[in-house]
Amino acid sequence: MSTSQPATPAPAVHAALEALGADPPQVHEGAPHGVWAAAQDCLEFLAEVLVPGMRTLETGCGASTVVFAASECRHTAVFLEVHEGEAVQRWCAQHDIDTTVVDFRAGSSSQVLPALAPGDLDVVMVDGCHGFPFPQLDWYYAAANLVDGGILVVDDTQLPAPYELRRYLEADPRWSRVRVGSQWVAFRRVGSGSLDEEWTSQQFFQPTALRVKALERKARAAVGRLRRRIGG
Ligand SMILES: C[S@@+](CC[C@H](N)C(=O)[O-])C[C@H]1O[C@@H](n2cnc3c(N)ncnc32)[C@H](O)[C@@H]1O
């Protein structure tokens, strides 16, 4: 799979994107237009990279779910309220988009994802609960299933917890950044398999505050050695 050449979405996906703008599905209570949709450039990016038959998973539900369904992916959406999935299914039926291969899973991702065995995934989108550590939790359980070269989208990186996840992934050479959007970011996975590991395998991730503390410790130790030498 390559995202270097932006692909033109299939006509059905293009039509779905237009319909989402003109007549948004009523998914999230309190959302100004009925849905807290991912930004247009994020939906367009999904439309670019998705290919029929891809195995995909997102946390959250709404406009992005429509794009996955219209792109004919074997998709799983994990989201909080049953009615969100029902609203997307109704909207898709009204717009001739097949959702029979979409697995709608209502429930907190903290409960649903650990019990889910999605198998290999080509694309994962993290856009569920945005409180710490949910983006990290969603990434840990879902992105572990991404194949080598698979795509990870993290939405709402203007918020603290998604931003922290972005910062970690940018430091990790096993995630190659492929697109920075308006308030989202996409990475290509380099490698595959479980994300279980100790901090010692993550030496690339050294927040500045910790680096400064390590330097201070080294400086204090050096001064101590010098004092002992002078004193002795
Ligand atoms: C910003 S909306 C997702 C928008 C969607 N990507 C779109 O393009 O329309 C956030 C979603 O997170 C889901 N959510 C909130 N808390 C969650 C949790 N603990 N587990 C799973 N999903 C959760 C909500 O159900 C909601 O669908």
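Since this is a predicted model, take the numbers as computed values, not measurements.

Re the overall build of the protein chain
Line of reasoning, step 1. Of the regular secondary structure elements, the protein chain holds 8 helices and 7 strands.
Line of reasoning, step 2. Structurally, the protein chain occupies a C-alpha span of about 85 × 35 × 30 Å along its principal axes.
Line of reasoning, step 3. Split into buried and exposed, the 232 residues of the protein chain put 44% on the buried side.
Line of reasoning, step 4. Long-range pairs, those at least 24 residues apart, make up 67% of the contacts in the protein chain between residues at least 6 apart in sequence.
Line of reasoning, step 5. As displayed, the protein chain offers around 12,200 Å² of accessible surface, 54% of which is attributable to carbon and sulfur atoms.
Line of reasoning, step 6. A distance of 22 Å separates the average location of the 20 positive side-chain charges in the protein chain from that of its 28 negative side-chain charges.

Digging into the side chain of E58
Line of reasoning, step 1. In this fold, E58 is placed in strand β1 (residues 55-59).
Line of reasoning, step 2. Of the side chains bearing the opposite charge, R105 lies closest to the buried E58, which forms no salt bridge; the N-O distance is 12 Å.
Line of reasoning, step 3. Side chain to side chain, E58 and S64 meet in a polar contact 2.6 Å long.
Line of reasoning, step 4. Excluding residues within four positions of it along the chain, E58 makes contact with S64, T65, F68, H75, T76, A77, V78 and M125.

Describing the confidence of the model for the protein chain
Line of reasoning, step 1. For the protein chain, the average pLDDT comes to 95, and 97% of its residues sit at 70 or higher.
Line of reasoning, step 2. For the protein chain, the element scoring lowest by mean pLDDT is helix α8 (residues 208-231), at 94; strand β4 (residues 121-126) scores highest, at 99.

Section: the pattern of salt bridges
Here the idea is simple: oppositely charged side chains can pair when their charged atoms come close.
Line of reasoning, step 1. Inspection of the entire model under this criterion finds 8 salt bridges.
Line of reasoning, step 2. What you see here is one network of salt bridges that share partners, running through R166, E170 and R177.

Things to note about the packing of helix α2 (residues 40-49) against helix α3 (residues 63-70)
Line of reasoning, step 1. Relative to each other, α2 and α3 sit at 15 degrees, their axes nearing to 10 Å. Taken together, the axes of α2 and α3 lie roughly parallel to each other. For α2 against α3, the interelement crossing comes out right-handed. In this structure, α2 uses L43, L46 and A47 to contact α3, whose residues at the interface are A63, S64, V67 and F68.
Line of reasoning, step 2. The residue makeup of the contact of α2 with α3, split by class, is 6 nonpolar, 1 polar and no charged.

A closer look at the packing of aromatic side chains
Line of reasoning, step 1. Summed over the entire model, instances satisfying the criterion amount to 7 aromatic pairs.
Line of reasoning, step 2. Plain terms: the ring middles of Y140 and Y141 are 4.9 Å apart, the flat faces sit at 80 degrees to each other, and that makes the pair edge-to-face.
Line of reasoning, step 3. Residue classification places Y140 among the partly exposed positions, given a relative accessible area of 30%.
Line of reasoning, step 4. Looking at Y141, the relative accessible area reads 34%, which means it is partly exposed.
Line of reasoning, step 5. On the numbers, 5.1 Å between centres and 75 degrees between planes, the contact of Y168 with F205 is edge-to-face. With Y168 in helix α7 (residues 160-171) and F205 in the loop between β7 (184-189) and α8, this pair connects stretches of sequence that are 37 residues apart.
Line of reasoning, step 6. With relative accessibility at 10%, the residue Y168 sits in the buried group.

Some remarks on the site of the ligand
Line of reasoning, step 1. Contacts to the ligand come from 21 residues, most closely from A63, S64, E84, S109 and D127.
Line of reasoning, step 2. Between the ligand and A38 there is a distance of 2.9 Å, counted from an oxygen atom to a backbone nitrogen or oxygen.
Line of reasoning, step 3. At a separation of 3.3 Å, an oxygen atom of the ligand approaches a polar backbone atom of G128.
Line of reasoning, step 4. For the ligand, whose free accessible area comes to 600 Å², the fraction covered by protein is 90%.
Line of reasoning, step 5. Residue assignment for the shell around the ligand shows that the elements contributing at least two residues are α3 and β2 (74-79).
Line of reasoning, step 6. A per-class count over the shell around the ligand returns 11 nonpolar, 8 polar and 2 charged.

Considerations on the nonpolar core
Line of reasoning, step 1. Among the nonpolar cores identified, the biggest contains 39 residues, and L50, V66, V67, I97 and V153 are the most heavily contacted of them.
Line of reasoning, step 2. Sequence-distant contacts of V153, defined by excluding residues within four places in its chain, comprise C42, F45, L46, V124, M125, V126, W184, V185 and A186.
Line of reasoning, step 3. One finds V112, L121, V126 and V185 within the second-largest nonpolar core, a separate group that totals 22 residues.

Some words on the domain arrangement of the protein chain
Line of reasoning, step 1. Taken domain by domain, the protein chain comprises domain 1 (11-195) and domain 2 (197-232).
Line of reasoning, step 2. With 7 residues of domain 1 in contact, the opposing surface of domain 2 contributes 6 residues.
Line of reasoning, step 3. Between domain 1 and domain 2, a total of about 580 Å² is buried, with carbon and sulfur atoms accounting for 59% of that surface.
Line of reasoning, step 4. A salt bridge links E197 to R174, with the shortest nitrogen-to-oxygen separation between them at 2.8 Å.
Line of reasoning, step 5. Inspection of the domain 1/domain 2 interface yields 3 residue pairs in polar contact (both at pLDDT 80 or more).
Line of reasoning, step 6. Grouping the constituent residues of the side of domain 1 that touches domain 2 by class yields 4 nonpolar, no polar and 3 charged.

What counts, and at which threshold
Here, residues in each chain are numbered from 1, in the same order as that chain's written sequence. Reporting in this predicted model follows two pLDDT cut-offs: at least 70 for local features of residues, and 80 or more for side-chain atom pairs to be given and counted; totals over whole chains, interfaces and linings ignore these cut-offs and use all residues. Hydrogen atoms and water are omitted, and side-chain values are computed over all heavy atoms in the structure. Going along the chain from the N terminus, every DSSP run of H or I of four or more residues is numbered as a helix, and every run of E of two or more is numbered as a strand. When a residue's accessible area, from a 1.4 Å probe over protein chains only, is under 20% of the maximum for its type it is buried; when over 50% it is exposed; and in between it is partly exposed. Here, residues are in contact when the closest pair of their heavy atoms is within 4.5 Å. Accessible areas in this description were obtained via Shrake-Rupley with a 1.4 Å probe; residue shielding takes into account the shown protein chains only. By the counting scheme adopted, Arg and Lys are positive, Glu and Asp are negative, and His together with the chain ends is not counted. Charge placement uses NZ in Lys and CZ in Arg. For Asp and Glu, CG and CD serve respectively. In the sections that follow, a salt bridge refers to a side-chain nitrogen of Lys or Arg positioned within 4 Å of a carboxyl oxygen of Asp or Glu. Any N or O atom pair separated by 3.5 Å or less is treated as a polar contact, with the protein-specific requirement of one donor-capable and one acceptor-capable atom, and with residues adjacent in sequence counted only for side-chain atom pairs. How sure the predictor is of each residue is captured by pLDDT, a score from 0 to 100. Here the axes come from fitting lines to C-alpha atoms, over the contacting stretch only for helices, and the angles between their N-to-C directions go from 0 to 180 degrees. Put simply, angles under 35 degrees are roughly parallel, angles over 145 are roughly antiparallel, angles from 65 to 115 are roughly perpendicular, and the rest are oblique. When the near helix sits turned anticlockwise from the far one by under a right angle, the crossing is termed left-handed; a clockwise turn instead gives a right-handed crossing. Residues are sorted three ways: Asp, Glu, Lys and Arg are charged, Ala, Val, Leu, Ile, Met, Phe, Trp, Tyr, Cys and Pro are nonpolar, and all the rest, Gly among them, are polar. Note on aromatic contacts: the rings of Phe and Tyr and the six-membered ring of Trp form a pair at centre separations within 6.5 Å, being stacked when their planes are under 30 degrees apart, edge-to-face when over 60 apart, and tilted otherwise. A cutoff of 4 Å decides nearness: a residue is near a molecule or strand if any of its heavy atoms lies inside that distance of it. Side-chain atoms within 4.5 Å are what join buried Ala, Val, Leu, Ile, Met, Phe, Trp, Tyr and Cys residues into a set we call a nonpolar core. In this document the domain limits rely on a domain assignment from an automatic tool or a database. We define buried area as the total accessible area lost by two parts upon association, computed with a 1.4 Å probe and summed across both.

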